[in-house]
Amino acid sequence: MSEKDLTSLRGTLDWLRAEGDLIETDKEVNPDLEITGLQKHLDGGPPILFENVKGKSHARAVTNLFSDIGIIEKMFNWDGPVDRTKKLAYALTHPMASVEISQDEAPVQEHVITDDLDVNKWITAIRHTDLEPELTIGSGISCVVGDYFDGGSHIGYNRMNFRWGNVGTLQISPGSHMWQIMTANYHNEEPIPISMCFGVPPACTLLAGSGFDYAILPKGCDEIGMAGAVQGSPIRLVKCQTIDALTLADSEYVLEGYLHPRDKRYETKEAEDLGVQGKTFFHPEWAGYMGKAYKAPTFHVTAITMRKPEGKPIIFPLGVHTSDDANIDTTVRESAIYELCDRLQPGIIQDCHIPYSMTDWGGCIIQVKKRNKIEEGWQRNFLSAILSCSQGMRLAIAVSEDVDIYSMDDIMWNLTTRVNPRTDILNPIPGGRGQTFMPAERMTAGDKAWTASNTEFEGGMGIDATVPFGYEQDFHRPVYPVDKVKPEDFLTDEQIKHAKSYMHGWVHSLAKTGR
């Protein structure tokens, strides 16, 4: 096995290359539509490193870094999905303290720019679809350490559009950690010093995808420390060059600057010309629909720092609503939901999964095991807690231990055969706070502007699809003898391979389990 160095993006790419898990090309690729078009062609495939980015001779780009969950599990030494969920949940509760290094040691400060601050010149902006009027930067990871985050550390994704040179919009989802930081300092005279990081260590990318699971990751928690626990070594921090803040020292690029909460501007010229929010297209969103342009706070850049330009720093221009994005946004979230339920009553929850089709923050499936009659009903407590603690979640499903939660066919069979529509469908929190990224929720604003302040949350839906305790025999699934018969005793390897080439969908799960 090749030596693994996950402390930087480029070290990780070296390991992926040695493992045969990296595709590389020196063909020129255009950030306008071509990067995301290729990514969607190969959605779910291995990482792709573009050595030649049009208009960015100083830069490289990587995509699909988190697109294959098997590569992620190999990266962090997780033995399958259940092991991944449980070990990551442990990391969330056992952060590893970060370390601060000097500016002279920090790779991301090998080259410092303070005079030529046209951000779009240095950072690779992309356009996902023909529907968008402008290229945008959606791969920046906000970094806030210390007092502004109640003594903890925050890292998270925020989309930006630099329409004014060194000044760009910075979209902040209502309720998110950055929203909490902005709200607490909204009326301050001084802007908020933050940094936006690009090409960070993969464990930081993973933690940056956690969002709206704040019962487990509250304001003041140590998300950078959690990334260190996942990585297996401390994340390195360094003082910024032009602001009083710490940032990720092993990034490829960092934008230093100030967030101005009350200096709100339109994300696109089209929205500005029309004077409307939540109507005109922006880049796609995690819910699987086209995003909309809003007025957003602005980020004023005071410095651009990077690794040496001759080394061609790498940016990770994340395509939204891709397998890449889905795995980043759901992996920590699955573990946070598992941890939430296990805290409520230990030992009942067995696993948690958020399928790609449940769109990141839109839903989840939990698997439970009832050990005695008194534990009957806890699955409903779990569903209610999940829907209450996960802002905007629309669908949470609970199933028993005999269900393959990684097969949507098995889930559909389960819903079809085990759910009583009169008693097993819950709607616990109508009128609560949701997310405007769902068109169905935006429509509740009616004729008003489609913004968070005008929308209402329908409350989400919990479905109890578990077997009632004591009735396991009545719901017993068939068990075919797949563990007693070996195909290779009867057929050649070529015959087995040929036969399995015809197998698609649910049969894979059923053949593996014998159900």
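Now for a description of the structure that goes with this document. (Residues numbered from 1 in each chain as written. Predicted model: local features only at pLDDT ≥ 70, side-chain atom pairs only at ≥ 80, totals over all residues. Heavy atoms only, no water.)

## A look at the overall build of the protein
Tallying secondary structure elements over the protein gives 15 helices and 22 strands in all. Rg of the C-alpha trace for the protein: 24 Å, near the compact-globule value of 24 Å for 515 residues, within the 12% margin. Seen through its C-alpha atoms, the protein measures out along the principal axes to roughly 75 × 55 × 45 Å. Here the protein, with 515 residues, has 54% of them falling under the buried criterion. Residue pairs at least 24 apart in sequence account for 74% of intrachain contacts in the protein once pairs closer than 6 positions are excluded. A total of about 21,600 Å² of accessible surface is found on the protein, and carbon and sulfur atoms cover 52% of it. Each charge class in the protein was averaged separately, 49 positive and 72 negative side chains, and the resulting centres sit 3 Å apart. (Helix = DSSP H or I, 4+ residues; strand = E, 2+ residues; numbered from the N terminus. Rg over C-alpha atoms; globule rule 2.2 N^0.38 Å. Buried < 20%, exposed > 50% of the residue type's maximum accessible area, 1.4 Å probe, protein only. Contact = heavy atoms within 4.5 Å. Areas by Shrake-Rupley, 256 points an atom, 1.4 Å probe, with all protein chains shown as cover. Lys, Arg positive; Asp, Glu negative; His and termini not counted. Charge placed at Lys NZ, Arg CZ, Asp CG, Glu CD.)

## Examining the packing of aromatic side chains
Inspection of every chain in the model, using the stated rule, returns five aromatic pairs. Judged by centre distance (5.1 Å) and plane angle (40°), the rings of Phe76 and Trp78 are tilted. Note on accessibility: Phe76 and Trp78 belong to one class, buried. With centroids separated by 5.1 Å and ring planes inclined at 75°, the aromatic side chains of Trp286 and Trp361 adopt a geometry described as edge-to-face. Taken together, the residues Trp286 in the loop between strand E14 (281-284) and strand E15 (290-292) and Trp361 in the loop between strand E18 (349-353) and strand E19 (363-368) connect sequence positions 75 residues apart. Its relative accessible area of 11% is what places Trp361 among the buried residues. (Phe/Tyr/Trp six-rings, centres within 6.5 Å; stacked < 30°, edge-to-face > 60°.)

## What about helix H1 (residues 9-19)?
Among the residues making up H1, those that are buried are Leu9, Gly11, Thr12, Leu13, Trp15 and Leu16. Its buried side turned inward, H1 meets strand E2 (48-50), strand E3 (60-63), helix H3 (69-75), helix H7 (202-208) and strand E17 (314-315). Put simply, Ser8 is the residue that caps the front of H1, since its side-chain oxygen is 3.0 Å from the backbone nitrogen of Gly11. (Polar contact = N/O pair within 3.5 Å; in protein donor to acceptor, adjacent residues only side chain to side chain.)

## Focus: empty space enclosed by the protein
Under the definition given, this model contains five cavities of 30 Å³ or more. Roughly 480 Å³ of internal volume is contained in the largest cavity. As for the largest cavity, its lining consists of 31 residues, and the residues nearest its centre are Tyr157, Asn158, Arg159, Ser173 and Trp361. Within the residue set of the lining of the largest cavity, elements represented by two or more residues are strand E7 (152-157), helix H6 (177-184) and helix H10 (323-344). Here the lining of the largest cavity gets four residues from one element, more than from any other, and that element is E7. (1 Å grid on protein atoms, 1.4 Å probe; cavity = no way out; pocket = protein on both sides within 12 Å on 5 of 7 lines; lining within 4 Å. Points joined across faces, edges and corners; volume = space filled by probe spheres on them.)

## Focus: the environment of Gln180
Tracing the backbone shows Gln180 in helix H6. Gln180 gets classed as partly exposed once you look at its relative accessible area, which sits at 22%. For the pair Gln180 and Phe149, spaced 31 residues apart in sequence, the C-alpha to C-alpha distance is 8.6 Å.

## Considering the packing of helix H4 (residues 81-93) against helix H8 (residues 223-231)
Where H4 meets H8, the closest approach of the two axes is 8 Å, and the angle between their N-to-C directions is 140°. Between H4 and H8, the angle is such that the two are oblique. Of the two possible hands of crossing, H4 and H8 adopt the one that is right-handed. Residues Leu88, Ala91 and Leu92 of H4 pack against Met226, Ala229 and Val230 of H8. (Axes fitted to C-alpha atoms, helices over the stretch in contact; angles between N-to-C directions. Parallel < 35°, antiparallel > 145°, perpendicular 65-115°, else oblique. Left-handed = near helix turned anticlockwise from the far one by under 90°.)

## Section: the pattern of salt bridges
A side chain with one charge can pair with a side chain of the opposite charge if their charged atoms come near. Inspection of the entire model under this criterion finds 29 salt bridges. One salt bridge in this structure joins Arg418 and Asp402, with 2.7 Å as the shortest N-O distance. With a gap of 16 residues between them, Arg418 in helix H12 (residues 408-418) and Asp402 in the loop between strand E20 (395-399) and H12 connect regions that are remote in the sequence. Each member of the pair Arg418 and Asp402 is classed as buried. Each member of the salt-bridge network shares a partner with another, and the members are Arg10, Glu252 and Arg307. (Salt bridge = Lys/Arg side-chain N within 4 Å of Asp/Glu carboxyl O.)

## Observations concerning the nonpolar core
By size, the foremost hydrophobic cluster in this structure holds 112 residues, and its most contacted members are Phe76, Leu248, Leu255 and Ile366. If you tally residues by element for this core, the top one is H10, at seven residues. Apart from residues lying up to four places away in sequence, Leu248 is in contact with Val108, Cys143, Ile155, Cys197, Val200, Cys204, Ile224, Ile235, Arg236, Leu237 and Val254. Phe212, Tyr214, Ala287 and Trp361 belong to the second-largest nonpolar core, a separate cluster that totals six residues. (Core = buried A, V, L, I, M, F, W, Y, C linked by side-chain atoms within 4.5 Å.)

## Examining the environment of Lys369
In this structure, Lys369 sits in the loop between E19 and helix H11 (378-389). A C-alpha to C-alpha distance of 24 Å links Lys369 and Val482, two positions 113 residues apart in sequence. In this structure Lys369 touches Ile348, Gln350, Glu375 and Glu401, once residues within four positions along its chain are discounted.

## Some words on the sheet that holds E19
With mixed pairing, five strands are arranged side by side in an open sheet as E18-E19-E20-E22-E21. A single partner strand is all that each edge strand has here, and the edge strands are E18 and strand E21 (425-426). Here E20 runs beside strand E22 (residues 461-464); their pairing, made up of four bridges, is parallel. If you follow Ile397 over to E22, its bridge partner there is Ile463. (Pairing = 2+ DSSP bridges.)

## Some thoughts on the sheet that holds strand E12 (residues 246-248)
Strand order in the open sheet made by the three strands is E4-E11-E12, with mixed pairing throughout. What marks the edges here is a single partner per strand, and that holds for strand E4 (99-100) and E12. With two bridges connecting them, E4 and strand E11 (residues 236-239) associate as parallel partners. Paired with Glu100 across the two strands is Leu237, which belongs to E11.

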